[in-house]
Amino acid sequence: MAYAEVAVNAAAPIRQTFTYRVGDGLSLRVGHAVYVPFGSRRLQGIVLDVTETPAFADARDIEAVIDPEPMLSPERAALARWLSDHYLAPLFDCVSLMLPPGFKRRPLTMLRALASLDELSSLGLTDKQRAAMAYLVTEGRSELEQMRRALRLRSVNTLVSSLLTKGLIERTYELARPQVRPKVVPYLRLLVSADEAREVARGLRAEDKPAALRRAIVLEALADESPLPLAELRPRGLTPAVLRDLAEAGLAAQEEVTLVRDPLAGRSYSRREAPALTADQEQAYLCIEEALEGGGPAQTFLLHGVTGSGKTEVYLQALDRTVALGKRAIVLVPEISLTPQTVRRFGERFPGQVAVMHSGLSLGEHFDMWHEVRAGRYAVVIGPRGALFAPQPDLGLVVMDEEHEWTYKQQEGSPRYHARLAAQEICRLTGAALVLGSATPDVESHFRSTSGGSYRLLELPERLQRTESGGIMPGPLPQVEVVDLREELKAGNRSIFSRSLATAIRGALSAREQVILFLNRRGTASFLQCRDCGHVPACSSCAVSFTLHQPENRLVCHYCRRARAAAKGCPQCGSPRIRQLGLGTERVEEEARSAFPGARTLRWDRDVTRGRDAHERILARFLAHEADILVGTQMVAKGLDMPLVTLVGVISADTALRFPDFRSGERTFQLLEQVAGRAGRGPRGGRVIIQTYSPEHYAVAAAAQHDYHALYRREVEFRQRLGYPPFGRLARLTFAHTNERYAQEQSAAMVRHLCGERDRRGLPNLDVLGPGPSFVPRLRGRWRWQIVLRGDNPTELLAEVAFPRGWTLDIDPVSLL
């Protein structure tokens, strides 16, 4: 049982504490305050301690029963503690990752008058005190904030304190109502047999009276199906009188039914039998099976398989074995866009045993799924990184598909965890097996699997291709052609499509095949520039230019979402000579329609996927061949199986290649190789055309040859020289403030403090780099400066440092931008 114990704490800033029982023998004492500084955040609660469950001496100590079941298992409570220690994050934030949606409830201050209206005139009260007392006497009992709004005062704290001192009011505390509850619907259930109900209905119809006819219609409906919702029976004649008559006659009774808001309700998948595994798949599966059955320490596997090599089938067979052993699994995907196809694949093998959990669900759906999962209703939970914290009991297997993706790292808020490390820890605590799958593994993951690390390498070196008859056979990876855009310009081609790509698109369209055009940038133009005065419209809150979105004729900041209408002339000098520079997916789609008239286009980026199930609708339309050309950002590059796609065109491979980040080469290779893997999965084969101004770059050259190992060798060489991961760890500290000079001064002061602490404590192999302005120096009105720590264990120094308000910490960042 989870308790909430309320107590006033006189020591600021903690105003009151609540004790929650979150696991067997484990309690979480949370202090709620107005402001509790940590980094740049103002928290409403901070964990004071995690202790054994207190023995409540009296029922009066218990304010409310939060939940009849423990919120966290001992393993997940330990995981929260590990996350807090590893990422130097508040324990409250780490625990919150694993609590059900809507669990956080605001503490309310309740006030009640202890004097009557007649007594007020003789008490010598001020006008404000008299107004407050009159309000409380009239209302009987009121929440403090509600009274403040009613009296139209900026603050009532002093006023309340004076009334408390006079003994005129009573102050108590309670928790606000939950944001979400189980969905309970009134139903009507038949209490007799269907035949008996029909017999009674015939007699009622014979009476030929309106009231009797209504009872007969309701009984006939219940005889066909029972129970039925009252809302469904009302149009058929159910009234309060009919309901009373049926209940008094012992024919039917009303009952409350709790409905599960299942996001997959109404979807059914035909069961598909498991195909025979290839020799490579069989070898990989047997290694995982051995770990599942072994009962020893948890093992982590890196399943490195080229695109289309059948990694998902290995996951499915491993899950099948997990379920046979009486255990359950969690499958992580990097994007919500991958969830529908993954759910279909798993749903075809495990009908009715698949749950989804992601941010696209409604609060009610997420709430019900959390409780259904905790009750052990599902064999597998599928979702992005947050699904890792689902309360899946008897965990035996965790699969992390496309493990290289940076979206597995929490980029904002607290804690800034990486799902890969968190998955390793929960598997260590539960004894579950962890499978990391990718065609382009993270360099750090591959290093751990080949250099005596903690990972075990499993390889699928061959692509599996569908035959015309529907079978599977080994097939080649798609051929890759690299087009030097410098040569295109010399030849006078000013189109965004090189001559080779344009010819290939026409060929694919004439053969009724499908094409993917990839550009990892949204919008129509990256920025606008006046050709007379050079003015570039920029966001007033961020140090970035606006991006033009032509369909809405809007200028949008992609960082803070500030937007405004695009002016016809220059706002600086009034000139109408405005030039669009750079391009995005909207422009690519527009150019494709112009260059290839008659071709049906579809766009897949964040701008067109804001609605519910938008990803699934776009994917379904393209798979149904309702479009010939799919234009998209990185969403189209991740793990999708599109058999009719024979051509992939990369409009520009240079978008991330020159970023000032040590992972830019690796990330460019991963994007190119992943999007190339969408081509040629069907019997017609495939082709990839990469357009770039840097054909000599090692990442582009490696992608052209599908040579991951060449990329890996180059990355490891320079990272070892510079001490970057996996040869060292990083921590990024960012200070943000509305005053630019103050931000710079505070950052410089922190560098001096960190260097002094490092030298004082004699910490070896630890570099303090910076300070320097962040890649985007101003974001949402705040100037940002950053410091990077590089060494064997930066947290050893940071754990002892008290950071003032304004600082954020990112341990093991995936990017320094």
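Because the structure is predicted, anything quoted here is derived from the model rather than measured.

**Q** Please provide a residue-by-residue account of the overall build of the protein, values included.
**A** From N to C terminus, the protein includes 25 helices and 36 strands. The C-alpha radius of gyration of the protein comes to 31 Å, within 12% of the 28 Å expected for a compact globule of 817 residues. Taken along its principal axes, the extent of the C-alpha atoms in the protein is 95 × 80 × 70 Å. Relative to its full complement of 817 residues, the protein shows a buried share of 52%. Summarising the internal contacts of the protein: among those between residues at least 6 apart in sequence, 72% fall at separations of at least 24. Total accessible area on the protein stands at roughly 37000 Å², and carbon and sulfur atoms take up 48% of it. One finds the centroid of the 106 positive side-chain charges in the protein at a distance of 7 Å from the centroid of its 95 negative side-chain charges.

**Q** Help me get a handle on the pattern of salt bridges, residues and values and all.
**A** A full pass over the atoms with the stated rule returns 54 salt bridges. For Arg 448, the salt bridge goes to Glu 444, with nearest N and O atoms at 3.9 Å. A residue pair is termed a helical-turn pair when its members lie 3 or 4 positions apart in one helix, as Arg 448 and Glu 444 do in helix α16 (residues 443-450) at 4 residues. By relative accessible area, which is 25% here, Arg 448 ends up partly exposed. Notably, a salt bridge pairs Glu 488 with Arg 499, separated by 3.2 Å at the nearest N-O pair. Of this pair, Glu 488 sits in helix α17 (residues 485-490) while Arg 499 sits in helix α18 (residues 499-510), and the two are 11 residues apart along the sequence.

**Q** Outline the side chain of Arg 732, listing residues and values.
**A** Examined against the element boundaries, Arg 732 turns out to sit in strand β33 (residues 729-737). A polar contact of 2.6 Å, which involves the side chain of Arg 732, links it to the backbone oxygen of Leu 817. Once you skip the residues sitting within four places of it in the chain, Arg 732 turns out to touch Gln 786, Ile 787, Thr 808, Leu 809, Asp 810, Pro 813, Ser 815, Leu 816 and Leu 817.

**Q** So what's going on with the sheet that holds strand β30 (residues 629-632)? Residues and values would help.
**A** In any sheet, the strands associate via hydrogen bonds between backbone groups, in a parallel or an antiparallel arrangement. Pairing within the open sheet is parallel, and its 6 strands lie in the order β22-β32-β31-β23-β30-β29. If you trace the sheet from one side to the other, it starts and ends with β22 (479-484) and β29 (601-604), each paired once. Between one strand axis and the next, the sheet turns through 20° on average, direction left out of account.

**Q** How would you explain the pairing of strand β31 (residues 645-650) if you had to name every residue and give the values?
**A** Every regular strand shows the same layout, with side chains that alternate between the two sheet faces. A large share of β31 lies buried, amounting to 6 of its 6 residues. The pairing of strand β23 (residues 514-518) with β31 spans 5 bridges and is parallel. Bridged to Phe 518 within β31 is Val 650. Bridge analysis of β31 against strand β32 (residues 687-692) gives 4 bridges, and the strand direction is parallel. For Val 648, the partnering residue across the bridge sits in β32 and is Val 688. Read as a crossover between parallel neighbours, the route from β31 over helix α21 (residues 664-676) to β32 is right-handed.

**Q** Before we move on, could you go through the packing of aromatic side chains and cite the residues and values that matter?
**A** The tally for this structure, following the rule as stated, stands at 11 aromatic pairs. Here Phe 669 and Tyr 708 contribute two aromatic rings whose centre-to-centre distance is 6.2 Å and whose plane-to-plane angle is 50°, an arrangement assigned as tilted. Highlighted residues: Phe 669 in helix α21 and Tyr 708 in helix α23 (residues 708-722), separated in sequence by 39 residues. Here Tyr 708 falls in the buried class, since its relative accessible area comes to 5%. Cluster of aromatic residues (ring-pair linked, three or more members): Phe 735, Tyr 742, Phe 803 and Trp 807. Above the ring of Tyr 724, the side-chain terminus of Arg 790 is found at 5.4 Å from the ring centroid.

**Q** How would you explain the nonpolar core if you had to name every residue and give the values?
**A** Judged by nonpolar contacts, the single largest core of 65 residues is most densely connected at Leu 83, Leu 733, Leu 754, Ile 787, Leu 789 and Leu 798. Take this core: its biggest share by element is 6 residues, from helix α15 (residues 419-430). Residues in contact with Leu 754, not counting those within four places in the same chain, are Leu 733, Val 768, Ile 787, Leu 789, Leu 797, Leu 798 and Val 801.

**Q** So what about the layout of surface pockets? Which residues, and what values?
**A** In this structure, the second largest pocket encloses a volume near 1300 Å³. Around the second largest pocket sit 45 residues that line it, and Arg 272, Thr 312, Arg 345, Arg 466 and Asp 641 are the ones nearest its centre. Of all the elements in the fold, those that place two or more residues in the lining of the second largest pocket are α12 (311-324), α13 (339-349), β20 (463-466) and α20 (614-623).

**Q** Provide a residue-level description of the packing of α16 against α23, including the pertinent values.
**A** Running from N to C, α16 and α23 cross one another at 95°; their axes reach a closest spacing of 11 Å. Comparing their axes, α23 and α16 come out roughly perpendicular. Along its contact with α16, which presents Val 443, Glu 444, His 446, Phe 447 and Thr 450, the element α23 presents Tyr 708, His 709, Tyr 712, Glu 715, Val 716 and Arg 719. Taken together, the residues of the contact of α16 with α23 break down into 5 nonpolar, 3 polar and 3 charged.

**Q** So, the side chain of Glu 348: which residues are in play, and what are the values?
**A** Its location among the elements puts Glu 348 in helix α13. Note on Glu 348: relative accessible area 10%, which makes it buried. Residue contacts for Glu 348: discarding those within four places in its chain leaves Tyr 269, Ser 270, Arg 271 and Arg 272.

**Q** Can you explain empty space enclosed by the protein? Please cite residues and give values.
**A** Evaluated as defined, the whole model comprises 2 cavities of 30 Å³ or more. A volume near 60 Å³ is recorded for the largest cavity. In terms of residue count, α21 provides more of the lining of the largest cavity than any other element does, 3 residues in total. Broken down by class, the residue content of the lining of the largest cavity amounts to 5 nonpolar, 4 polar and no charged. Of the voids in this model, the second largest cavity is the one considered here, and its volume is about 40 Å³. Residue classes in the lining of the second largest cavity are distributed as 3 nonpolar, 2 polar and 2 charged.

**Q** Pulling in residues and values, what's your account of a nonpolar patch on the surface?
**A** A surface patch of nonpolar side chains, about 270 Å² in accessible area, is lined by Tyr 559, Phe 659 and Phe 775. Residue position: Tyr 559 is located in the loop between β26 (554-556) and β27 (563-565).

**Q** Go over the sheet that holds β27, please, and point to the residues and values.
**A** With antiparallel pairing, 3 strands are arranged side by side in an open sheet as β25-β26-β27. Two strands close off the open sheet at either side, each with one partner strand: β25 (547-549) and β27. The average angle at which neighbouring strand axes cross in this sheet is 30°, direction not considered.

**Q** Residues and numbers for the packing of helix α7 (residues 194-207) against helix α8 (residues 210-224), please.
**A** Their axes nearest at 8 Å, the elements α7 and α8 cross at an angle of 160°. For the element pair α7 / α8, the angle class is roughly antiparallel. Handedness of the α7/α8 crossing: left-handed. Of the residues in α8, those touching α7 at Ala 194, Ala 197, Arg 198, Val 200, Ala 201, Leu 204, Arg 205 and Glu 207 are Ala 212, Leu 213, Arg 215, Ala 216, Ile 217, Leu 219, Glu 220, Ala 223 and Asp 224. Of the residues belonging to the contact of α7 with α8, the class tally is 11 nonpolar, no polar and 6 charged.

Criteria and thresholds
- Residues numbered from 1 in each chain as written.
- Predicted model: local features only at pLDDT ≥ 70, side-chain atom pairs only at ≥ 80, totals over all residues.
- Heavy atoms only, no water.
- Helix = DSSP H or I, 4+ residues; strand = E, 2+ residues; numbered from the N terminus.
- Rg over C-alpha atoms; globule rule 2.2 N^0.38 Å.
- Buried < 20%, exposed > 50% of the residue type's maximum accessible area, 1.4 Å probe, protein only.
- Contact = heavy atoms within 4.5 Å.
- Areas by Shrake-Rupley, 256 points an atom, 1.4 Å probe, with all protein chains shown as cover.
- Lys, Arg positive; Asp, Glu negative; His and termini not counted.
- Charge placed at Lys NZ, Arg CZ, Asp CG, Glu CD.
- Salt bridge = Lys/Arg side-chain N within 4 Å of Asp/Glu carboxyl O.
- Polar contact = N/O pair within 3.5 Å; in protein donor to acceptor, adjacent residues only side chain to side chain.
- Pairing = 2+ DSSP bridges.
- Axes fitted to C-alpha atoms, helices over the stretch in contact; angles between N-to-C directions.
- Right-handed = clockwise from strand over helix to strand, strands pointing away.
- Phe/Tyr/Trp six-rings, centres within 6.5 Å; stacked < 30°, edge-to-face > 60°.
- Lys NZ or Arg CZ within 6 Å of the ring centre and 35° of its normal.
- Core = buried A, V, L, I, M, F, W, Y, C linked by side-chain atoms within 4.5 Å.
- 1 Å grid on protein atoms, 1.4 Å probe; cavity = no way out; pocket = protein on both sides within 12 Å on 5 of 7 lines; lining within 4 Å.
- Points joined across faces, edges and corners; volume = space filled by probe spheres on them.
- Parallel < 35°, antiparallel > 145°, perpendicular 65-115°, else oblique.
- Nonpolar A, V, L, I, M, F, W, Y, C, P; charged D, E, K, R; others polar.
- Patch = residues over 30% accessible without salt bridge, like charges linked within 9 Å, V, L, I, M, F, W, Y side chains within 5 Å.
- Left-handed = near helix turned anticlockwise from the far one by under 90°.

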